[in-house]
Amino acid sequence: MKKTRIICWLLVLLLLSTPLEVKAETRSIYVGDIVTLEINSNKFSPEQLREKFQAFDILEIKSKADGYLLSLRSFEVGEQIIVLGDKEIIINVASTLDEIKREDIFAGDMGVTEPGFSFSWRLLFYLAAAVFALSGIFFLFKILKKRKIEALSPHQLFLRRCSTLSEADDKYFVSLTFYFKKYLESLYSFQIIGKTSREIVAELKEIEDLSSMLLPIGDWLNECDRMKFTGAVISAEERQQHYGELLDLVEKIDGQKEGAA
């Protein structure tokens, strides 16, 4: 899915006794779109922003002189209301499947047409049958492919997703963290997408199988946050080492799960 970057400008002006003002341009936001919010205020810390936007998958929080640039997206359709200061920010995520609605009626041409060339209805039938057959093969292929993916274990699906990532991608660590969260969600049937690293570790404390893994999981997530949000230059060697640590971590978690079963 092609990502479209939609920038919503939030001008947060803080004076000594002036209430918070939020100005935003209304745009269509769809599932998976990356939304960048410009927050011109140092009133909120990065942790507070993550908490306020916890319903979204936060990709990046970049500091600037007078505030932050917050990049996020959502894979859930619906309206989210975020309270920022004394204002409410409403982000409505729509599905691209409901874009076209046709309610108008087209008037037909009542004139008599001149005789044209003779068309073979048998040829039209053969063409329609061919299109129908090709469409059936296409949808059958998609169904079989989907069943094959669903048949994979969470560990196998995690490895397949990670193998498609490129270390040169700017969103490498964002995608790596997202796939790790999806793996944990599939393994233990709970939701942590959109939560901060601290919140994720708090959720994992409730899972007895992971009691011995909380410290390494927290360390890996915190290091990944540093690489994502500080703007530090990460070498290829550091990327490979961090990815290798995640593979070892997932291998141990998978072993813990199988041992518990």
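Criteria and cut-off values
- Residues numbered from 1 in each chain as written.
- Predicted model: local features only at pLDDT ≥ 70, side-chain atom pairs only at ≥ 80, totals over all residues.
- Heavy atoms only, no water.
- Pairing = 2+ DSSP bridges.
- Helix = DSSP H or I, 4+ residues; strand = E, 2+ residues; numbered from the N terminus.
- Core = buried A, V, L, I, M, F, W, Y, C linked by side-chain atoms within 4.5 Å.
- Buried < 20%, exposed > 50% of the residue type's maximum accessible area, 1.4 Å probe, protein only.
- Contact = heavy atoms within 4.5 Å.
- Axes fitted to C-alpha atoms, helices over the stretch in contact; angles between N-to-C directions.
- Parallel < 35°, antiparallel > 145°, perpendicular 65-115°, else oblique.
- Left-handed = near helix turned anticlockwise from the far one by under 90°.
- pLDDT = per-residue confidence, 0-100.

J.: Explain the pairing of strand β6 (residues 78-84) to me, and be specific about the residues and the numbers.
T.: Alignment of β6 against strand β7 (residues 87-94), held across seven bridges, turns out to be antiparallel. Paired with I81 across the two strands is I90, which belongs to β7.

J.: Explain the nonpolar core to me, using residue names and the numbers behind them.
T.: In this structure, F158, F180, Y183, L204, I217, W220 and I253 are the most contacted members of the largest nonpolar core, which totals 32 residues. With residues up to four places along the chain from it excluded, the contact list for Y183 reads P154, H155, F158, V250, I253 and D254. Grouped together as the second largest cluster of nonpolar side chains are 18 residues, Y68, L70, L72 and L84 included.

J.: Pulling in residues and values, what's your account of the packing of helix α4 (residues 172-188) against helix α6 (residues 214-229)?
T.: Following both chains from N to C, one finds α4 and α6 inclined at 155 degrees, their axes separated by 10 Å at the closest point. Taken as axis vectors, α4 and α6 run roughly antiparallel relative to one another. Pair α4 / α6 crosses with left-handed handedness. Every residue of α6 that contacts α4 at F173, V174, L176, T177 and F180 is listed here: I217, W220, L221, C224, M227 and K228.

J.: Residues and numbers for the confidence of the model for the protein, please.
T.: Per-residue pLDDT for the protein has a mean of 76; in total, 74% of the residues score no lower than 70. Contacts for the low-pLDDT stretch residues 1-25, under 50 throughout, to residues beyond four places or in other chains number 59 contacts. Every residue in residues 105-113 scores below 50 in pLDDT, and together they form zero contacts with partners more than four places removed in sequence or on other chains.

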